[in-house]
Amino acid sequence: MELGKPLIPVVRAEKDVDVYCPICHKLLHIKAGEVIPRCCGKPMEVME
């Protein structure tokens, strides 16, 4: 079986950033190149 494109688009961080979930208010720190995770069914948002 050959792997194709993921069903859910993947977004990667361009630099080290903090992300949060606007629904449950969970906070994470991710490094450059890591996938921005999903939480509560939606992609987490980047904190400016």
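Residues numbered from 1 in each chain as written. Predicted model: local features only at pLDDT ≥ 70, side-chain atom pairs only at ≥ 80, totals over all residues. Heavy atoms only, no water.

In this structure, Leu28 sits in strand β2 (residues 27–30). Sequence separation between Leu28 and Asp18 is ten residues; the distance between their C-alpha atoms is 5.7 Å. Apart from the residues within four sequence positions on either side, Leu28 is in contact with Val17, Asp18, Val19, Pro37 and Met44. (Helix = DSSP H or I, 4+ residues; strand = E, 2+ residues; numbered from the N terminus. Contact = heavy atoms within 4.5 Å.)

Looking now at the sheet that holds β2. On the basis of which strands lie adjacent, the open sheet formed by three strands has the order β2-β1-β5 and antiparallel pairing. Whereas interior strands pair on both sides, the edge strands pair on one side only; in this sheet they are β2 and β5 (45–46). As defined by bridge partners, strand β1 (residues 17–20) adjoins β5 across two bridges and the pair is classed as antiparallel. Bridging from a neighbouring strand, Val19 pairs with Val46 of β5. (Pairing = 2+ DSSP bridges.)

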